Amino acid sequence: MATTLYGIKNCDTIKKARKWLDEAGIDYRFHDHRADGLTPEQLDLWLERLGWEALLNTRGTTFRALPEEAKQGIDTARARDLLLAHPAMIKRPLLDKDGELTLGFKADHYQSLFSR
């Protein structure tokens, strides 16, 4: 199977995750939302499996810069529209290891994930 790390290349947490994967000798592909895009089908799968509450990064600068009315009454459909328009609002990193999705980076969690 395959491992893909999703995010944006200039994100500090992405850099930490990539460094960990590289140092651990893990073969993975990096998918940059900004450079490589985001398909509605991919996003729909993530929304179904993780939920918009987990996927939408409300602490990031992109979300905080939205007008107040755009931040109100968010549901799955509204979150989907926001994430397609602004993929940088997807919580990072999103790791897909053989179909198992993991949000965020914690070295000990990655260690347990890749030692199975």
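As recorded in an unreviewed UniProt entry, the chain goes by ArsC family reductase and comes from Aeromonas taiwanensis. The record held by UniProt for the chain lists under Sequence similarities (unreviewed entry) the comment "Belongs to the ArsC family."

S.K.: Got a minute to help me understand the overall build of the chain in this structure?
M.R.: On a plain count of helices and strands, the chain comes out with 8 helices and 4 strands. Starting at the N terminus, the α and β elements of the chain follow one another as β-α-β-α-α-α-α-α-α-β-β-α. Radius of gyration (C-alpha) of the chain: 14 Å, near the 13 Å computed for a compact globule of 116 residues. Along the first, second and third principal axes, the C-alpha set of the chain runs to 45 × 25 × 25 Å. Put simply, the chain has 116 residues, and 44% of those count as buried. Long-range contacts, defined as pairs at least 24 residues apart, comprise 60% of the intrachain contacts of the chain with a sequence gap of at least 6.

S.K.: What am I meant to see in the nonpolar core here?
M.R.: Most often, soluble globular proteins keep nonpolar side chains buried together rather than apart. Judged by nonpolar contacts, the single largest core of 19 residues is most densely connected at Leu43, Trp46, Leu55, Leu56, Ile74, Leu83 and Met89. Of all the elements in the fold, those that place two or more residues in this core are helix H3 (40-50), helix H4 (52-55) and helix H7 (76-85). Not counting residues up to four positions away in its chain, the partners in contact with leucine 43 are Leu38, Leu55, Arg80, Leu83 and Leu84. Ranked by size, the runner-up nonpolar core spans 16 residues in total, among them Ala17, Ile26, Leu95 and Leu113.

S.K.: Any chance you could explain H7 here in plain terms?
M.R.: Note that an α-helix has 3.6 residues per turn; residues three or four places apart therefore point the same way. Listed in full, the buried residues belonging to H7 are Ala79, Leu82 and Leu83. Projection of H7 onto a plane perpendicular to its axis shows the buried side chains occupying an angular sector of 95 degrees, all on one side. Buried residues in H7 make contact with H3, H4 and helix H6 (68-71). Of the residues that open H7, the one with a side-chain oxygen 3.3 Å from the backbone nitrogen of alanine 77 is aspartate 75.

S.K.: Got a minute to help me understand the pattern of salt bridges in this structure?
M.R.: Two side chains bearing opposite charge may form a pair once their charged atoms approach each other closely. The final tally for this structure, using the stated rule, is 4 salt bridges. The salt bridge involving glutamate 23 is made with lysine 19; its shortest N-O contact spans 2.9 Å. Of this pair, glutamate 23 and lysine 19 are both found in helix H1 (residues 12-23), 4 residues apart, which corresponds to roughly one turn of the helix. On the basis of relative accessible area, glutamate 23 is assigned to the exposed category, the value being 61%. The salt bridge partner of aspartate 44 is arginine 80, with a shortest N-O separation of 2.5 Å. One end of the pair, aspartate 44, is in helix H3; the other, arginine 80, is in helix H7, and 36 residues separate them in sequence.

What counts, and at which threshold
- Residues numbered from 1 in each chain as written.
- Predicted model: local features only at pLDDT ≥ 70, side-chain atom pairs only at ≥ 80, totals over all residues.
- Heavy atoms only, no water.
- UniProt positions renumbered as here; feature names shortened; annotations may be inferred.
- Helix = DSSP H or I, 4+ residues; strand = E, 2+ residues; numbered from the N terminus.
- Rg over C-alpha atoms; globule rule 2.2 N^0.38 Å.
- Buried < 20%, exposed > 50% of the residue type's maximum accessible area, 1.4 Å probe, protein only.
- Contact = heavy atoms within 4.5 Å.
- Core = buried A, V, L, I, M, F, W, Y, C linked by side-chain atoms within 4.5 Å.
- Arc of directions from axis to C-beta.
- Polar contact = N/O pair within 3.5 Å; in protein donor to acceptor, adjacent residues only side chain to side chain.
- Salt bridge = Lys/Arg side-chain N within 4 Å of Asp/Glu carboxyl O.

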